[in-house]
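Overview (structure and organization)
Given next are the chains, with one letter for each unit.
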Amino acid sequence: MLKGRHLIDPQDFSVEELDQIFSLAEEIINNPENFTHLCNGKILGTLFYEPSTRTRLSFESAMLRLGGEVVGFSEPSSSSVTKGENLPDTIRTVAAYTDIIAMRHPKEGAPKYASQFSNVPLINAGDGGHQHPTQTLADLLTIRIAKGNLTNLTIGLCGDLKFGRTVHSLIKAMSRYENIKFILISPNELQVPKYIKTEVLDRKLIDYIEVERLEDVIERLDILYMTRVQKERFFNEADYIRLKDSYILDKEKLKSAKEDLTILHPLPRVNEISMEVDNDPRAWYFKQVRYGMFVRMALIAKLLGVK
Amino acid sequence: MLNINSITKGIVIDHIKPGYGIRIFEYLKLDRANFTVALIMNATSRKYGRKDMIKIENVIDLDLAMLGFIDPNITVNIIEDEKIIEKINLSLPDRVEGIIQCKNPRCITSEERGITHKFVLLDENKGIYKCEYCDQIYSWEG
């Protein structure tokens, strides 16, 4: 039963519960006109303590397409946070006005803390470099549609694996499906954090390797998940300049990739996927954006218990 | 050998890992005690070679979860009439609240007023905990 639940970590929901969300998302994709009044009279609160136009628009579009309404703030300067209000009080207040909350916060664990004070479902829309579960839902739905299922896959994750929260969430989520192998492609400085290796990969005895060069492993991949090497995550400019072009996907590298490779990217992209790749049938990242909105529609509907 | 008199009524915290006795002494605020206390460091131990011990000539409330968290091999002996009437073996607690601080500067606990730092046990054998909010790993061994 998903009604009334929070979504903080991708593992909050069982594989079966995720299946329910994905099945509903596929129904919405196939017949969006059947869902335009599903959330009439319901209000989504979007609390964005850190600007993220893309994610916020995805949530807001999702709610509007379901016939619901949206209130909220897109940066903390336009809220009572600047007056020094603590998080529990803000959440209690917004929960009194709305039926469901989507929250982004620069501090890790903030949505988990906030959920303890919310009597309406609270969705983590990204917390610092930690988790981004609805991006993971978008990723999983895209893989499910591209491959037909979520098992027996070799998944390459490339770029900034240390601070990339979408990567951490995806590893956690995919590690629950059968026969998944990970190839982690990053500079040594930006490898996945220790807790992901200890708590997820080692504990579940999942097959994974860490490599430095994409071209060495691309032919083995079923899924290639590219990430941006974010300038703001670096401690100094010199390191950023040295590493930023190390992991760029272009036509040349794709020559040795499988015909049915699925290329994903959480977006926004800078230059880690060359624009010449966009027309390749293996490029799924723009479909992934659209599926992200549909999967948020399905999530909202399930948590509100209207479907 | 240094001799410390046995106590009539009180608590003996035994088998403390050498070097950790002072931490427990400080945690229990025994430096401010108005009853007899003894911190014995590097005593000979048949079990571990060396150990620290604390003798407390009083009955005080002990947070066994906290003691277990500091050192799960500790034994707590409750003494009455100079005899051990109860021997408590400790283990690592499943949850630790309000005792240790999350060191991740990006964690919500570094910003919010009044938030309790909470950790959950991840690996009993290695003594590894994680922050309930940000998943930061915490281990006594560092």
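Everything in this summary refers to the structure shown in the same document.

Cut-off values and rules
Residues numbered from 1 in each chain as written. Chains lettered and ligands numbered in written order. Predicted model: local features only at pLDDT ≥ 70, side-chain atom pairs only at ≥ 80, totals over all residues. Heavy atoms only, no water. Helix = DSSP H or I, 4+ residues; strand = E, 2+ residues; numbered from the N terminus. Buried < 20%, exposed > 50% of the residue type's maximum accessible area, 1.4 Å probe, protein only. Contact = heavy atoms within 4.5 Å. Areas by Shrake-Rupley, 256 points an atom, 1.4 Å probe, with all protein chains shown as cover. Axes fitted to C-alpha atoms, helices over the stretch in contact; angles between N-to-C directions. Parallel < 35°, antiparallel > 145°, perpendicular 65-115°, else oblique. Left-handed = near helix turned anticlockwise from the far one by under 90°. Nonpolar A, V, L, I, M, F, W, Y, C, P; charged D, E, K, R; others polar. Pairing = 2+ DSSP bridges. Right-handed = clockwise from strand over helix to strand, strands pointing away. Salt bridge = Lys/Arg side-chain N within 4 Å of Asp/Glu carboxyl O. Polar contact = N/O pair within 3.5 Å; in protein donor to acceptor, adjacent residues only side chain to side chain. Disulfide = S-S within 2.5 Å.

A separate point is the overall build of chain B. In terms of regular secondary structure, chain B is built from two helices and nine strands. Listing every helix and strand of chain B by position from the N terminus yields β-α-β-β-α-β-β-β-β-β-β. For chain B, the C-alpha atoms occupy an extent of roughly 50 × 30 × 25 Å along the three principal directions. Residues counted as buried form 46% of the 142 residues belonging to chain B. Once local pairs closer than 6 in sequence are excluded, the contacts in chain B between residues at least 24 apart make up 54%. Accessible surface, chain B: about 8100 Å² in total, of which carbon and sulfur atoms supply 46%.

All names here are of chain A. The geometry of helix α2 (residues 53–65) relative to helix α10 (residues 285–304) is characterised by a closest axis approach of 8 Å and an angle of 55° between their N-to-C directions. One element, α2, and the other, α10, form an angle in the oblique class. The crossing of α2 and α10 is right-handed. Where α2 abuts α10, its residues Thr55, Ser58, Phe59, Ser61, Ala62, Met63 and Arg65 lie against Arg290, Gly292, Met293, Arg296, Met297, Ile300 and Leu304. Counted by class, the contact of α2 with α10 contains seven nonpolar, four polar and three charged residues.

Time to look at the environment of Leu140 of chain A. Residues and elements named next belong to chain A. Considering the arrangement of structural elements, one finds Leu140 in helix α5 (residues 133–147). A relative accessible area of 0% means that Leu140 is categorised as buried. A C-alpha to C-alpha distance of 9.2 Å links Leu140 and Leu18, two positions 122 residues apart in sequence. Setting aside anything within four residues of it in sequence, one finds Leu140 in contact with Leu18, Phe22, Leu150, Leu170, Ala173, Met174 and Tyr177.

All names here are of chain B. Strand order in the open sheet made by the four strands is β6-β7-β8-β9, with antiparallel pairing throughout. Two strands in the sheet have a free side with no partner beyond their single neighbour: β6 (95–97) and β9 (137–139). Ignoring strand direction, the axes of neighbouring strands in this sheet form an average angle of 35°. Of the strand pairs in this sheet, strand β8 (residues 128–131) and β9 are connected by three bridges, and their pairing is antiparallel. Each bridged residue has a counterpart across the sheet, and for Tyr129 the counterpart in β9 is Tyr138.

Here we come to the pairing of strand β1 (residues 43–48) of chain A. All names here are of chain A. For β1, the buried fraction is high: five of the six residues fall into the buried class. One ladder, built from five bridges, connects β1 with strand β2 (residues 69–73); its direction is parallel. The residue of β2 that forms the bridge with Gly45 is Val71. After leaving β1, the chain enters α2 and then returns to the sheet as β2, a path that is right-handed.

Before going further, it helps to spend a moment on the interface of chain B and chain A. For interface size, the figure often reported is the accessible area lost on association. Contacts between chain B and chain A engage 18 residues on the former and 20 residues on the latter. Along the contact surface separating chain B from chain A lie three salt bridges. Linking Asp135 of chain B and Lys172 of chain A is a salt bridge whose minimum nitrogen-to-oxygen distance equals 3.6 Å. At the boundary of chain B with chain A, the tally comes to 10 residue pairs in polar contact (both at pLDDT 80 or more).

All right, on to the pattern of salt bridges then. For the structure on display, the rule yields 22 salt bridges over all chains. As a salt-bridge pair, Arg269 of chain A and Asp278 of chain A come within 2.7 Å of each other at their nearest N and O atoms. Under the relative-accessibility criterion, Arg269 of chain A is labelled partly exposed at 21%. In this structure, Glu132 of chain B engages Arg95 of chain B in a salt bridge whose closest nitrogen and oxygen atoms are separated by 2.9 Å. Here the residue Glu132 of chain B occupies a position in the loop between β8 and β9, and Arg95 of chain B occupies one in strand β6, the gap between them amounting to 37 residues. What makes Glu132 of chain B buried here is its relative accessible area of 17%. Owing to a relative accessible area of 38%, Arg95 of chain B belongs among the partly exposed residues under this scheme.

A few words now on the state of the cysteines. Residue and element names in this part refer to chain B. Evaluation of the coordinates by the stated rule reveals zero disulfides over all chains. Looking at Cys102, it has no disulfide partner, and the nearest cysteine sulfur is the one in Cys134, 3.6 Å off. Unpaired in terms of disulfides, Cys107 finds its nearest cysteine sulfur in Cys134, a separation of 3.7 Å.

We now examine the sheet that holds strand β4 (residues 122–127) of chain A. Residues and elements named next belong to chain A. Read across the open sheet, the four strands follow the order β2-β1-β3-β4; overall the sheet is parallel. With one partner strand each, in any of the chains shown, β2 and β4 form the two edges of the open sheet. Neighbouring strand axes in the sheet, compared pairwise and without regard to direction, differ in orientation by 15° on average.

Residues and elements named next belong to chain A. Note that Thr90 resides in helix α3 (residues 87–97). Among the polar contacts made by the side chain of Thr90, one reaches the side chain of Glu85 at a distance of 2.7 Å. Discounting residues that sit within four places of it in the chain, Thr90 has contacts with Tyr49 and Glu85.

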